[in-house]
Amino acid sequence: DAGVIQSPRHEVTEMGQEVTLRCKPISGHNSLFWYRQTMMRGLELLIYFNNNVPIDDSGMPEDRFSAKMPNASFSTLKIQPSEPRDSAVYFCASRAAANYGYTFGSGTRLTVV
Amino acid sequence: AQSVAQPEDQVNVAEGNPLTVKCTYSVSGNPYLFWYVQYPNRGLQFLLKYITGDNLVKGSYGFEAEFNKSQTSFHLKKPSALVSDSALYFCAVRDDNYGQNFVFGPGTRLSVLP
């Protein structure tokens, strides 16, 4: 099992550009989570999906952020337009069932200049 | 609502000494409790969990945690710390009254000194 796969590992972009982060969850896991980690705020849940359906997006900071899960094996987090304050490490995690732990990807380090 | 507190930002311990990383939680239903570890430039890795059963839970890398319902705590422990245990540790809770996602604590940075 390759685990949760995120791409790219690092992204540097200019303010105003569109950024797309990608995640491939573990096969068979039915929940997928997007988190953002910063020094100031720690680990923040942005959105999570159950069976490809968005369940709770209350953590999405503003309309510039959007997430999709078109099928069980792929999800994207898009920021358009990006701003310097979006700079953070973005993690994707998946889970097999409610009482199981999460498996995290290695994260995407986003820098917006 | 569910919440998690990790009262110490930083814990320093000498190699070979026992370590404790503290976690307290607040839930309205039954708690499901987890510990994760994050090494530099890596994602979070699962260490152990408490769902039900024995209050003492054993996990990866020699770590264990004790569920204490009366004190609403789930402290992480290890009898003898290694330098390689130095990392960021997160406690997380799921309240079975409030859906399926976890709430993570702010993290505690553990430094094991040689």
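Our subject is the structure listed above.
Residues numbered from 1 in each chain as written. Chains lettered and ligands numbered in written order. Predicted model: local features only at pLDDT ≥ 70, side-chain atom pairs only at ≥ 80, totals over all residues. Heavy atoms only, no water.

**Digging into the pattern of salt bridges**
All names here are of chain A. Where we set the bar: The term salt bridge refers to a side-chain nitrogen of Lys or Arg lying within 4 Å of a carboxyl oxygen of Asp or Glu. For the exposure calls, accessible area comes from a 1.4 Å probe over protein chains only, and a residue counts as buried if that area is under 20% of its type's maximum, exposed if over 50%, partly exposed in between.
All chains considered together, the criterion is met by 10 salt bridges over all chains. Between Arg64 and Glu62 there is a salt bridge, and its shortest N-O distance comes to 2.9 Å. A residue is classified by how much of its surface remains accessible, and Arg64, at 10% relative accessible area, is buried. Of the residues examined, Glu62 reaches a relative accessible area of 27% and is grouped as partly exposed. Through salt bridges that share partners, Glu62, Arg64, Glu83, Arg85 and Asp86 make up one connected network.

**Topic: the layout of surface pockets**
Using the following cut-off: Using protein atoms alone on a 1 Å grid, points that fit a 1.4 Å probe yet trap it form a cavity, whereas open point sets bounded by protein on both sides within 12 Å along at least five of seven lines form a pocket; residues with an atom within 4 Å of a point count as lining. Grid points are joined across faces, edges and corners, and a volume is the space filled by probe spheres set on the points. Numbering of helices and strands runs from the N terminus; a helix is a DSSP stretch of H or I covering at least four residues, while a strand is a stretch of E covering at least two. Throughout this entry, Asp, Glu, Lys and Arg are counted as charged residues, while Ala, Val, Leu, Ile, Met, Phe, Trp, Tyr, Cys and Pro are counted as nonpolar. The remaining residues, Gly among them, count as polar.
Roughly 580 Å³ of internal volume is contained in the largest pocket. Breaking the lining of the largest pocket down by element, the ones donating at least two residues are β4 (31-38), β9 (88-95) and β11 (108-112) of chain A together with β10 (87-95) of chain B. Of the residues assigned to the lining of the largest pocket, the class counts are nine nonpolar, 10 polar and six charged. Reported here for the second largest pocket is a volume of approximately 170 Å³. A per-element tally of the lining of the second largest pocket places strand β6 (residues 44-50) of chain B first, with three residues. Residues of the lining of the second largest pocket, tallied by class, amount to four nonpolar, five polar and one charged.

**Examining the state of the cysteines**
Residues and elements named next belong to chain A. Where we set the bar: What counts as a disulfide here is a pair of cysteine sulfur atoms lying within 2.5 Å.
Scanning all chains against the criterion turns up two disulfides over all chains. Linked covalently through their sulfurs, Cys23 and Cys92 form a disulfide whose S-S length is 1.9 Å. With the S-S bond torsion at -65°, the cross-link from Cys23 to Cys92 turns out left-handed. A residue pair is termed long-range when its members are at least 10 positions apart, and Cys23 in strand β3 (residues 19-24) and Cys92 in strand β9 qualify at 69 residues. A single burial state applies to Cys23 and to Cys92, both of which are buried.

**A few points about the pairing of strand β6 (residues 53-56) of chain A**
Residues and elements named next belong to chain A. Under the convention used in this document: Note on pairing: two strands pair once DSSP finds at least 2 bridges between them.
Relative to β6, strand β5 (residues 42-50) runs antiparallel, the two sharing three bridges. Bridging from a neighbouring strand, Phe49 pairs with Pro54 of β6. Between the antiparallel neighbours β5 and β6 lie two residues, among them Asn51 with a positive phi of about 50°.

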